[in-house]
Amino acid sequence: MELNEILRHLAENRFETASVLLFVVGLAGMLFNRNLFKKVVSMGFMDSAIFLFLTSAGYVEGRIAPIIADPSVPATVEVYSNPLPAGLVLTGIVVSVSFTAFGLALTQRLYKKYHSLNIDEIMMQARKSED
Amino acid sequence: MRMFYENFPFFCVFLALLSGILTTLVRDGKKARAVTLAMLLCAAVLNGAVFLETSLRNVNFTYAMGAFPAPWGNELRAGPVESMLCTVFCLVMLFSLMGGGKDLEEDILPEKQNLYYIMMDLLAASLFALSYTNDMFTGYVFIEINTIAACSIVMARDCGQTILATIRYLIMSLVGSGVFLFGVSMLYTITGHLLMPSLYPAVTALFDNDSLHYPLAVLSGMMCVGLAVKSALFPFHTWLPTAHGSATTASSAVLSGVVLKGYIILLIKIMCRVFTPEEIGSLGVGSVLFVLGACAMIYGSVWAVRETHAKRMIAYSSVAQVGYIYLGLGLCTPAGITAAIFQIVAHAFTKPLLFIATGGLIRASGHQKKLYYLRGAAWRNVAAGLGFTVGGLSMVGLPLLAGFVTKLVLGQAALAEEIPQWQMITALAAIAVSSLLNAWYYLPVILQIWKKEPEPRGPEGEVYDEHKENPGLSFRTAVLCMSIVVVLLGCLARPFVQLIARGVALL
């Protein structure tokens, strides 16, 4: 495949491209970042990436949300975009928010105890106190 | 006309959630405990009834939730395998809570005890839903509920170590569920379905046209890896030993016996009901799971040999045992899946038995957790000693115990004609080496705890009183029941394996 063609494909699927990039950034942050706070934020990145992917899957250019605003206009499928992914994203956001809260609460507890956000340092201190 | 027992799967989920609400209202630890134990008992009976009915009739059924039919509404689906596993989960949670009761009272602040039982109720609800659900997104939501409840029961014993273990567990779990959700989203964008019965023909059509091979490989790989991270398959197991080793006894037992398995059941359902096992095999995902499973069997055991902390040693042994399950799944044949399900049941009883027994031994040794100080502990708490011996010998693979049957069934599945030669050799070698390593670390511990010492001493030179520790009736009952099940699974293996095989055919 030509470079131009690849770029054209990526531009056509720009939402998917962006969401995969964002997902990888979030995943890398969660796995490799040593700062607990940044790990939790990375989780937000990762979840947002998935939400972008899902919403873009349901969105159709030029169509509107499936709400009947004017009863005199007959409702046809062709006018509306798919509402199901939006419903899934809504559920996903609830899950993501609660996990962010839980993660931050745990981070705060650890910070109060060990006065550090670096997970390596916390692990070292915890190991010391165990021995 | 719908049979009445078809309502039971929904009743179980509902009952678990209801008892969670009741538990918040009672506020008293003792009453909360009673509510939860009663709920688990009821759910065990209900699930058991579903299992009896479906396995006698050899059927499965779909249960529509609410007024909307299939493509719009949500569905539950139950068959012999799902209901059997739910029954096992209820019983294991019941025994774990009974056996770990004394540690729970000491490890958790009195005013927070009812919160612990709420998490147990939530865990039970999510496990039932994970086993019975027919919808991928519902599966995802209950995975997350399961995760949050599991993390909470790790940190119930409030100290720096458990909080650290919890946050590591939380982060790895979230990586897993994120990857899984991305896989599900991709599957949705390709097929436009989330219900398993609608996904199955769509995916089969894709395979028949030989189209979208790579996207399917990527998304099935992401779903499998996501669930593998959550069920601690090597090399994603790093969070497991600290989380299971530092939590209170009942939590360790429930986490290792039940929570890890919930995700694997969803994986089995995806393998059988969205794809077929052969399709997963042809995508190459099966081989990856197989190799990782074989590595886990060896690696987990090697680390268990090196461990001196009693509970962490058992936790590393869980890593190896999860490897057995994935080895069976990786074979991508009905026989392999049958072996994996048998291992799920066997491990669900054996590992909590070991954790509960170890908890008892540790209590009888002045709360010393190093293996060295447990010597002679079996004489101070005979029930725990017997439980540990039965569990340990089962792990080693002594005939007439559950662990032996796992190895046998797994070996038979690997020797089937359609299995490629490299898998056959790897599987047999991994089983042999892993059994040897299991013997290497379980047998010395068993010998050590039964070693009669004239004056058993702790690290400070203090002498343990032989008759000080009374483990209590519920501890003895729990250990005895689980030991009996482990022995029964070993003795009545053939009919039980046939039962599972019939259930797998119905999946």
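Residues numbered from 1 in each chain as written. Chains lettered and ligands numbered in written order. Predicted model: local features only at pLDDT ≥ 70, side-chain atom pairs only at ≥ 80, totals over all residues. Heavy atoms only, no water.

Enquirer: Any chance you could break down the overall build of chain A for me, citing the residues and the numbers?
Expert: The number of helices and strands found in chain A is 5 helices and 0 strands. The linear arrangement of helices and strands in chain A, starting from the amino end, is α-α-α-α-α. The C-alpha atoms of chain A give a radius of gyration of 21 Å, which is well past the 14 Å a tight globule of 131 residues would have. Each of the three principal axes of chain A carries a C-alpha extent, and together these read 75 × 45 × 15 Å. Taken across its 131 residues, chain A has 30% of its residues classed as buried. Counting contacts in chain A only where the partners sit at least 6 residues apart, residues at least 24 apart contribute 50% of the total. Approximately 8300 Å² of chain A is accessible, and the part contributed by carbon and sulfur atoms is 66%. In chain A, the 11 positive side-chain charges and the 12 negative ones have mean positions that sit 15 Å from each other. (Helix = DSSP H or I, 4+ residues; strand = E, 2+ residues; numbered from the N terminus. Rg over C-alpha atoms; globule rule 2.2 N^0.38 Å. Buried < 20%, exposed > 50% of the residue type's maximum accessible area, 1.4 Å probe, protein only. Contact = heavy atoms within 4.5 Å. Areas by Shrake-Rupley, 256 points an atom, 1.4 Å probe, with all protein chains shown as cover. Lys, Arg positive; Asp, Glu negative; His and termini not counted. Charge placed at Lys NZ, Arg CZ, Asp CG, Glu CD.)

Enquirer: Outline the pattern of salt bridges, supporting the account with residue identities and numerical values.
Expert: All names here are of chain B. Summed over all chains, the structure comprises 9 salt bridges over all chains. The partner of Arg-57 in a salt bridge is Glu-53, with the nearest N and O atoms 2.6 Å apart. Residue Arg-57 and its partner Glu-53 are located together in helix α2 (residues 29-57), separated by 4 residues, close to a single helical turn. We classify Glu-53 as partly exposed; its relative accessible area is 28%. The residue Arg-77 makes a salt bridge to Glu-82 at a minimum N-O spacing of 3.9 Å. Exposure remark for Glu-82: the relative accessible area of 3% places this residue in the buried category. Taken together, the salt bridges that share partners define one network made up of Arg-77, Glu-82 and Lys-269. (Salt bridge = Lys/Arg side-chain N within 4 Å of Asp/Glu carboxyl O.)

Enquirer: I'd like a rundown of the packing of helix α11 (residues 249-274) of chain B against helix α14 (residues 310-330) of chain B, residues and numbers included.
Expert: Residue and element names in this part refer to chain B. With their axes 12 Å apart at the nearest point, α11 and α14 run at an angle of 15° to one another. For the element pair α11 / α14, the angle class is roughly parallel. Viewed along their axes, α11 and α14 form a crossing whose handedness is right-handed. On α14, the residues that touch Thr-249, Ser-252, Ser-256, Leu-260, Lys-261, Ile-264, Leu-267, Ile-268 and Met-271 of α11 are Lys-311, Ser-318, Val-322, Ile-325, Tyr-326 and Leu-329. Of the residues contributing to the contact of α11 with α14, the split by class is 9 nonpolar, 4 polar and 2 charged. (Axes fitted to C-alpha atoms, helices over the stretch in contact; angles between N-to-C directions. Parallel < 35°, antiparallel > 145°, perpendicular 65-115°, else oblique. Left-handed = near helix turned anticlockwise from the far one by under 90°. Nonpolar A, V, L, I, M, F, W, Y, C, P; charged D, E, K, R; others polar.)

Enquirer: Summarise the packing of aromatic side chains; cite the residues concerned and give the values.
Expert: Residue and element names in this part refer to chain B. Taken as a whole, this structure holds 21 aromatic pairs over all chains when the rule is applied. Ring centres of Phe-4 and Phe-11 lie 6.3 Å apart, and the angle between their planes is 65°; this geometry places the pair in the edge-to-face category. A relative accessible area of 55% places Phe-4 in the exposed class. Judged by centre distance (5.5 Å) and plane angle (45°), the ring pair of Phe-137 and Tyr-140 falls under tilted. In this pair, Phe-137 and Tyr-140 are both assigned in helix α6 (residues 136-154), 3 residues apart and thus about one turn of the helix distant. Of the residues examined, Phe-137 reaches a relative accessible area of 7% and is grouped as buried. Classification of Tyr-140 as buried rests on a relative accessible area of 2%. Aromatic rings pair up to connect Phe-4, Phe-8, Phe-10, Phe-11, Phe-14 and Tyr-63 into one cluster. Taking NZ or CZ as reference, Arg-306 lies 4.6 Å from the ring centre of Trp-303, over its face. (Phe/Tyr/Trp six-rings, centres within 6.5 Å; stacked < 30°, edge-to-face > 60°. Lys NZ or Arg CZ within 6 Å of the ring centre and 35° of its normal.)

Enquirer: Tell me about the environment of Phe-142 of chain B, residues and numbers included.
Expert: As for its position among the elements, Phe-142 of chain B is in helix α6. You can call Phe-142 of chain B buried: its relative accessible area is 17%.

Enquirer: Please set out the pairing of strand β2 (residues 74-78) of chain B residue by residue, giving values where relevant.
Expert: Residue and element names in this part refer to chain B. Burial analysis of β2 places 4 of its 5 residues in the buried class, which makes it a mostly covered element. For strand β1 (residues 61-65) and β2, the ladder comprises 5 bridges, and the chain directions are antiparallel. Counterpart to Thr-62 in the pairing with β2 is Arg-77. (Pairing = 2+ DSSP bridges.)

Enquirer: For the interface of chain A and chain B, give the residues involved together with the corresponding values.
Expert: Each side of the interface is counted separately: chain A has 34 residues, and chain B has 35 residues. Between chain A and chain B the total buried area reaches about 3100 Å² when both faces are included, carbon and sulfur atoms providing 83% of it. At the junction of chain A with chain B, the criterion picks out 1 salt bridge. Asp-158 of chain B is the partner of Arg-109 of chain A in a salt bridge, and the nearest nitrogen-oxygen pair spans 2.6 Å. Applying the counting criterion to the chain A and chain B interface returns 2 residue pairs in polar contact (both at pLDDT 80 or more). (Buried area = accessible area lost by both parts, 1.4 Å probe. Polar contact = N/O pair within 3.5 Å; in protein donor to acceptor, adjacent residues only side chain to side chain.)

Enquirer: Just give me the short version of a nonpolar patch on the surface, but keep the residues and values in it.
Expert: Where nonpolar side chains cluster on the molecular surface, the patch consists of Met-1, Leu-3, Ile-6, Leu-7 and Leu-10 of chain A and spans about 530 Å² of accessible area. Within the fold, Leu-7 of chain A resides in helix α1 (residues 3-12). (Patch = residues over 30% accessible without salt bridge, like charges linked within 9 Å, V, L, I, M, F, W, Y side chains within 5 Å.)

Enquirer: Provide a residue-level description of the nonpolar core, including the pertinent values.
Expert: Residues and elements named next belong to chain B. Counting residues in each nonpolar core, the largest one holds 215 residues, and the members touching the most others are Tyr-116, Phe-128, Met-136, Phe-275, Leu-329 and Phe-388. Top contributing element to this core by residue count: helix α7 (residues 160-191), with 18 residues. Apart from the residues within four sequence positions on either side, Phe-275 is in contact with Tyr-200, Val-203, Phe-207, Leu-216, Leu-219, Ser-220, Met-223, Ile-270, Ile-280 and Leu-283. (Core = buried A, V, L, I, M, F, W, Y, C linked by side-chain atoms within 4.5 Å.)

These results come straight from atomic positions and should not be treated as a statement about function.
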